[in-house]
Every structure is written in C-alpha cells, then in structure tokens.
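# Chains, contacts and geometry: an overview
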Amino acid sequence: MGACAVAALSTAAAAETLTIATVNNGDMIRMQGYTDDFTEKTGHTVEWVTLEENVLRQRVTTDISTKGGAFDIMTIGMYETPIWGANGWLVPLDGLSAEYNVDDILPAMRGGLSHDGTLYAAPFYGESSMVMYRTDLMEAAGMEMPKAPTWDFIREAAAAMTDRDNEINGICLRGKAGWGEGGAFITVTANSFGARWFDEDWNAQFDQPEWANALKFFVGMMEESGPPGYATNGFNENLSLFQQGKCGMWIDATVAASFVTNPDDSTVADKVGFALAPDTGLGKRSNWLWAWALAIPAGTQKADAAKEFIEWATSTGYIELVAANEGWANVPPGARQSLYDNPEYQKVPFAQMTLDSINAANPNEPTVKPVPYVGVQFVAIPEFAGIATEVSQEFSAVYAGQQSVEEALEKAQALTNDAMEAAGYR
C-alpha cells in the first residue's frame, strides 16, 4: 500500500506540461475536449498544436530530423513510424502497463507501427477503406451490392445510379494530388489490378500493362459516373458530396462511416450500406491500411510523462469515456480487438465491415506480385513521399484532361527511376 502511495506522490511532484502536435480531424479535436480527465488522473497538463494534415507532416518531420525538441508527443502514421523507429528518432513504447494490454491492439496496427518487433507508436485510431453506398439508389437501379464486390460490378452500378439531371453521381472518388490523397487511392486500386510501384530490384513499374489497365479503368469510370472536377476532390470534398446526397457510392476511409450515418450532418444518414473495397479477382482488394498514432520523439526530456499520456489516450478507458458521453458510434475505431468483441459496439452498423476491411489489408504482402517494400497505399522508404507526390500530380493532370494516361505513366516511370537512382536503390 505504502509503495503505491509513494508512486502516486512522486508522479504528482513531477507534474509536466506536455506539448502535442496533432492533426485537425474530428477524433483528435474530440480528444482535446477530454484532456481534463488526463490532468486529473496524472497532474500533467497538455498544450495542443493542431495542424492541417500536410502542414503537420512537414512540421513534425522537420522537428524530428533536426532534433528540434519542439514536441513531447507527435501524431504520426504508419508511413513514418517504422522509418523513424529504425533511425532511432522515437522512444520505444516498451514497458507499457499490464492494464494497458498491448496485446489487445489489432495485429495489423501493431505490425504497421513497429520496427523489428518493437512498437514505436500507439494507434489512436485505425482505418482501412471500404465502399459506402446509397441503399435507396442501389435498389432503384435494380441491383444488389455484394459483401465483396468486383470493380466491374462497381462500374456497372455507378453508371446505373448516375442521374446527371438531378446532380447524382454514381461514384465519388479521390483525384486530388498528394501521396496521401489521390495518390493513396490510385495505388490501392492499382494493387487490385495486379500493379506495383517497384519490382524486387527497385525498378519502377509504371511501364507495365497493369498500371495502364488500372488508370484507364479509373478514368473511364469517373468520366461516365463521377462528379465534375473530381481531379481536385479529396477526402473532405467527397465526404461533403456524399452527405449532401450527390453520390451513389463512395470508396474511402472506414473512419468516415460515423460521419455519413450521423443525421446531424448527413442528409442520407438512414440510407447508407457498406461493402468491402472492390477487387478484380486477382486476390488483392483495393483497400489501404492506416493508423493515426501517438509517438514520443527521442529529443524530449519528458518521456515518462509522455508515455503516461499515450497510455491514457489509446486505452480502453478512453474509448469508454467517449462512449459514455457521445455514444459507441463515435469512439475512435480500428485500434483494439476488445472494441470489436464488445456487444454494444457490435450494434454499430459499420463495426464489422471496418474490422473485416482492416484484416483484408496486409502491409507485408500488399501486391499480387512480390515487392521489396512494406506498405499498402505507400512504400515505407524515406524517398516515397516526395516521389509519390510528383506522380500523383501527373495522374491528377490526366483526370483534369490535361494529358493522356500514356503520357502520365511515361513521366511517372522516368521521375521514379531517376529519384531511386539518385538515392542509391538502383
């Protein structure tokens, strides 16, 4: 008893102020509203630096690579974590409490946030991607969505649901430039068509027929059934279109399910169904795997207090705190098995499909043909973000009608091989 009391006192005596960099999405903003609970439990206070996704990536990357020490905790993803862990830039998350139960974190999330078996970031929420569709429009088209559709079915259904006179697009998909925006979407689509970024010797593969097939299919489907100006639509633009009733289908992050089914925001909340991301029968679905996760930069002087925050924010206790205040549909999804074993959460209409989608993505074997890299919608090497941003810009120019598929793939092939040669891979 005495030892526990001493431990509690020593924690309180060493109360710290933690600076946390995070992304400006709904789940993270919600977490800021519960920070008092953490302060009450530990005595530590928190200062938030909330940034738009592209700005966040830039700021934390600069800070960690220069050992700037501006942050005690950073919100990072599956792309950065294994690379930075390997560089020694992050504090390993070993020695977490028994009560925290690290084994409850879904294997896909643990694997994507580890390097050589060591966890370097804890998932606040996890996601894959899936089909969200209008059940009323599907019925009116005389079609039925399978649990595991093919791309051919999706294209046929999109054409059947399109009603240009009433501004209803059969399908809304990302075309916006950026490796994590339209770049992520076309990469997973290409995976399902048998394409890959690199062969086993790090040669770019954009000159192979699988990439041409995927890109031509995507462009053809979007011209038939997509919204005008889809070349500049990302996650937020498509979410808005879907909530306004202007999309028959939307394939995107599983985390969007709670937004499209929320009657406060969505005009079609009671007419949404879910299905696995489509495939072409080659054994790979077009779904990604991602976690927004919390990590501790090696430069902090407050690693112990930072670890306490990460335990609080990514625990089952935090999930229960949100559920008690805002309902089970609004808890951070996709991180823990116990959430999906919970009978209350099982009543949430998108719970099982989210879990099935996460489990369908394998970052260690993301493609039909073998590859030398880890990552489903990205390649986990430091050079990827720069290369893929440029490639995505070439593809967006196709979607905007500024160049042909062939021209874009030729440019993508050349710029990727040049960059890989300069970096010493080839």
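Nothing here was measured: the structure is a model prediction, and the numbers come from that model. (Residues numbered from 1 in each chain as written. Predicted model: local features only at pLDDT ≥ 70, side-chain atom pairs only at ≥ 80, totals over all residues. Heavy atoms only, no water.)

## Describing the overall build of the chain
Of the regular secondary structure elements, the chain holds 19 helices and 11 strands. In terms of overall dimensions, the chain is globule-like: its C-alpha atoms have a radius of gyration of 22 Å, near the 22 Å expected for 426 residues. Projecting the C-alpha coordinates of the chain onto the three principal axes gives extents of approximately 70 × 55 × 30 Å. Counting contacts in the chain only where the partners sit at least 6 residues apart, residues at least 24 apart contribute 73% of the total. As presented, the chain carries roughly 17200 Å² of accessible surface, and 49% of it is formed by carbon and sulfur atoms. (Helix = DSSP H or I, 4+ residues; strand = E, 2+ residues; numbered from the N terminus. Rg over C-alpha atoms; globule rule 2.2 N^0.38 Å. Contact = heavy atoms within 4.5 Å. Areas by Shrake-Rupley, 256 points an atom, 1.4 Å probe, with all protein chains shown as cover.)

## With respect to the packing of helix H9 (residues 182-192) against helix H10 (residues 209-225)
Running from amino to carboxyl end, H9 crosses H10 at an angle of 120 degrees, the nearest separation of the two axes being 9 Å. The orientation of H9 relative to H10 falls into the category oblique. Both H9 and H10 take part in a crossing whose hand is right-handed. Contacts between H9 and H10 involve Phe185, Ile186, Thr187 and Ala190 on the former and, on the latter, Trp211, Ala214, Leu215 and Phe218. When the residues that make up the contact of H9 with H10 are grouped by side-chain class, the tally is seven nonpolar, one polar and no charged. (Axes fitted to C-alpha atoms, helices over the stretch in contact; angles between N-to-C directions. Parallel < 35°, antiparallel > 145°, perpendicular 65-115°, else oblique. Left-handed = near helix turned anticlockwise from the far one by under 90°. Nonpolar A, V, L, I, M, F, W, Y, C, P; charged D, E, K, R; others polar.)

## Focus on the packing of helix H3 (residues 35-42) against helix H13 (residues 303-313)
Interaxial distance between H3 and H13 falls to 11 Å at its minimum, and their mutual angle equals 125 degrees. As judged from the angle between their axes, H3 and H13 are oblique. In the packing of H3 onto H13, the handedness of the crossing is right-handed. Along its contact with H3, which presents Thr35, Asp37, Phe38, Lys41 and Thr42, the element H13 presents Ala305, Glu308, Phe309 and Trp312. Partitioning the contact of H3 with H13 into residue classes produces four nonpolar, two polar and three charged.

## Focus on the nonpolar core
Judged by nonpolar contacts, the single largest core of 146 residues is most densely connected at Ile154, Trp197, Met249, Phe309, Phe395 and Tyr399. In terms of residue count, H10 provides more of this core than any other element does, nine residues in total. (Core = buried A, V, L, I, M, F, W, Y, C linked by side-chain atoms within 4.5 Å. Buried < 20%, exposed > 50% of the residue type's maximum accessible area, 1.4 Å probe, protein only.)

## Here's the deal with the packing of aromatic side chains
Enumeration according to the criterion identifies 39 aromatic pairs in this entry. Consider the rings of Phe198 and Tyr373, whose centres lie 6.2 Å apart with planes at 80 degrees: the pair is edge-to-face. On the criterion of sequence distance, the pair formed by Phe198 in the loop between H9 and H10 and Tyr373 in the loop between helix H17 (351-359) and helix H18 (384-399) is long-range, its members being 175 residues apart. In terms of burial, Phe198 and Tyr373 fall into one category: buried. It is Arg155 that lies over the ring of Phe217; its NZ or CZ is 5.0 Å from the centre. In this structure, Arg336 is placed above the aromatic ring of Tyr100, and the distance from its NZ or CZ to the ring centre is 4.6 Å. (Phe/Tyr/Trp six-rings, centres within 6.5 Å; stacked < 30°, edge-to-face > 60°. Lys NZ or Arg CZ within 6 Å of the ring centre and 35° of its normal.)

## Things to note about the state of the cysteines
Scanning the model with the defined rule gives one disulfide in all. Disulfide partner of Cys172: Cys247, at an S-S distance of 2.1 Å. Handedness here is read from the sign of the S-S torsion; for Cys172 and Cys247, about -90 degrees, the answer is left-handed. Placement of the pair is Cys172 in strand E8 (residues 169-172) and Cys247 in strand E9 (residues 247-253), with a sequence separation of 75 residues. In this structure, Cys172 and Cys247 share a single accessibility class: buried. (Disulfide = S-S within 2.5 Å.)

## Some words on the pattern of salt bridges
Applying the stated criterion across every chain, the model contains 20 salt bridges. Here Arg30 makes a salt bridge to Glu326, at a shortest N to O gap of 2.8 Å. With a gap of 296 residues between them, Arg30 in helix H2 (residues 26-32) and Glu326 in helix H14 (residues 316-326) connect regions that are remote in the sequence. For Lys216, the salt bridge is made with Glu406, and the minimal N-O distance between the two is 3.0 Å. Taken together, the positions of Lys216 in helix H10 and Glu406 in helix H19 (residues 405-422) put the pair 190 residues apart, joining distant regions of the chain. With a relative accessible area of 43%, Lys216 lands in the partly exposed category. Since its relative accessible area comes to 45%, Glu406 is described here as partly exposed. Linked through salt bridges whose partners overlap, the residues forming this network are Asp27, Arg30 and Glu326. (Salt bridge = Lys/Arg side-chain N within 4 Å of Asp/Glu carboxyl O.)

## Here we look at the pairing of strand E10 (residues 272-276)
When you tally the buried positions in E10, you get five out of five residues, the bulk of the element. Pairing geometry for strand E7 (residues 129-134) and E10, over five bridges, is antiparallel. In the sheet register, Met132 faces E10, and the bridge partner there is Phe274. (Pairing = 2+ DSSP bridges.)

## Regarding the sheet that holds E7
Strand-to-strand pairing in sheets goes through backbone hydrogen bonds, with the strands running parallel or antiparallel. Sheet architecture is open: four strands sit in the order E8-E9-E7-E10, paired in mixed fashion. Two strands in the sheet have a free side with no partner beyond their single neighbour: E8 and E10. Ignoring which end each strand starts from, the neighbouring axes of this sheet average 20 degrees apart. Here H17 sits on the sheet and contacts E7 and E10; the angle it forms with E10, its principal contact strand, is near 25 degrees.

## Description of the pairing of E9
Of all seven residues in E9, seven are buried; the element is thus mostly enclosed. Pairing of E7 with E9 involves five bridges; the strand directions are antiparallel. When the bridges of E9 are listed, Tyr133 appears paired with Met249.

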